[in-house]
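So the chains spell out like this:
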Amino acid sequence: MQGVGAFSTLFVHNTQVHAQAFIPSACSPISYPFGTDYDTRLTESIFETCSKKGRSGMFLSLTLIAERIHLPSDMIMVHESTHRKYQDIMFYPEFPEQISQPFSPDILYLSSGFPPSWPTGTQPPDFICIVKRGEFQQAEKSVKQLPCSCLLLGTCLSMEGIFNEIHSRILFLRKQIDIFKMAVYTQQSLQKLIEMIFDIMGNPAYLVDSSFKVLAIDRSHDMRDLSAAWRRLEDEGYLPFDLVSSLINSGELSSMETQERAVVVNSRYFYVPFINYNLKQYGKIKGHLFIAGMKKTIRKSDIELAEYLGSYVL
């Protein structure tokens, strides 16, 4: 496509947009009217859901931590024996056999090298292992044999330096998420919530109902200037008819809507990958949260974040 690079446009085709087109969900028929009433009902359901579910704070995965540390990628290794998530990070105790309480499964322990020991008969805790850069390759082999999960880092930074690095980045992320959640609890608009997603994930997002009417879209961050397709989405308020028809006929939409969790979609009809999170209510598709990989490459932890944030949208 001349004049528009792959980075700056979301859609492949210069399709004719039908602003009033009605595109049914591939998985479930639509049995309710659209327009203002539906938009209000979806907005109300967001805040009702958030108040009823009583969600706890965000837990951290090894992948999320690894992808936020500013170290060379060849000096980072994630070994997961379980897909556990953690509430906090602590230094590994100097004399673990003397501690009165067992290791907590919600805590990730920070250790200089491999822990010297852990209490006999207990499962070793998941931990972050700090080694010198020259020791990294040998340490990789040992990590792969561990019965627990481990994040291996090769660095000359001290334990305190690594702790501060991780803590500062995770603290910043949690503050951003707390601001997002506060916006939900104080009933800010869908538009406000969608634009806040960029601050957390670094990519623009938009929200559609199951007829692919745009309910909210990132209108900042120069998206209109970067992408003619994004500009059409803003102006016309619907995904292009031909594009959605292609998604339905190819089976891509059906595949997306069968997913219970957030997934990265590499569609033949889009220039860039995007995250899809299905918004469901009582088992039926009510809409989609799309996060397009237009500003930066989508990482594994972005999928976790999309799922976490998406759970607050419906």
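Our structure is the block above this text.
Residues numbered from 1 in each chain as written. Predicted model: local features only at pLDDT ≥ 70, side-chain atom pairs only at ≥ 80, totals over all residues. Heavy atoms only, no water.

**Details of helix α7 (residues 228-236)**
Move 1: Three or more residues of α7 are buried, namely A229, W230, L233 and E234. Looking down the long axis of α7, one finds its buried residues gathered within 145° of arc, a one-sided arrangement.
Move 2: Residues of α7 that are buried sit in contact with β6 (205-209), β7 (214-217), α6 (223-226) and β10 (284-292).
Move 3: Following α7 by one or two positions, G237 adopts a phi angle in the positive range, close to 80°. (Buried < 20%, exposed > 50% of the residue type's maximum accessible area, 1.4 Å probe, protein only. Helix = DSSP H or I, 4+ residues; strand = E, 2+ residues; numbered from the N terminus. Arc of directions from axis to C-beta. Contact = heavy atoms within 4.5 Å.)

**Comments concerning the sheet that holds strand β8 (residues 263-265)**
Move 1: Strand order across the open sheet formed by five strands is β7-β6-β10-β9-β8, with antiparallel pairing between neighbours. The strands lining the two open edges of the sheet, one partner per strand, are β7 and β8. On average, each strand axis in the sheet is tilted by 25° relative to the strand beside it, whichever way the strands run.
Move 2: Bridge analysis of β8 against strand β9 (residues 274-281) gives three bridges, and the strand direction is antiparallel. Each bridged residue has a counterpart across the sheet, and for V265 the counterpart in β9 is F274.
Move 3: Sheet strands in contact with α7 are β6, β7 and β10, and its direction is about 125° off that of β7.
Move 4: On top of the sheet, helix α10 (residues 300-313) reaches β6, β8, β9 and β10; it is set at about 30° to β9, its chief contact. (Pairing = 2+ DSSP bridges. Axes fitted to C-alpha atoms, helices over the stretch in contact; angles between N-to-C directions.)

**Details of the pairing of β9**
Move 1: Counting buried residues along β9, six of its eight residues qualify, which places the element largely inside the surrounding structure.
Move 2: Note that β9 and β10 share eight bridges and pair antiparallel. When the sheet's bridge partners are listed, I275 is paired in β10 with I291.
Move 3: Hairpin remark: β9 followed by β10, antiparallel, with two residues in the connecting loop; positive phi at Y282, about 55°.

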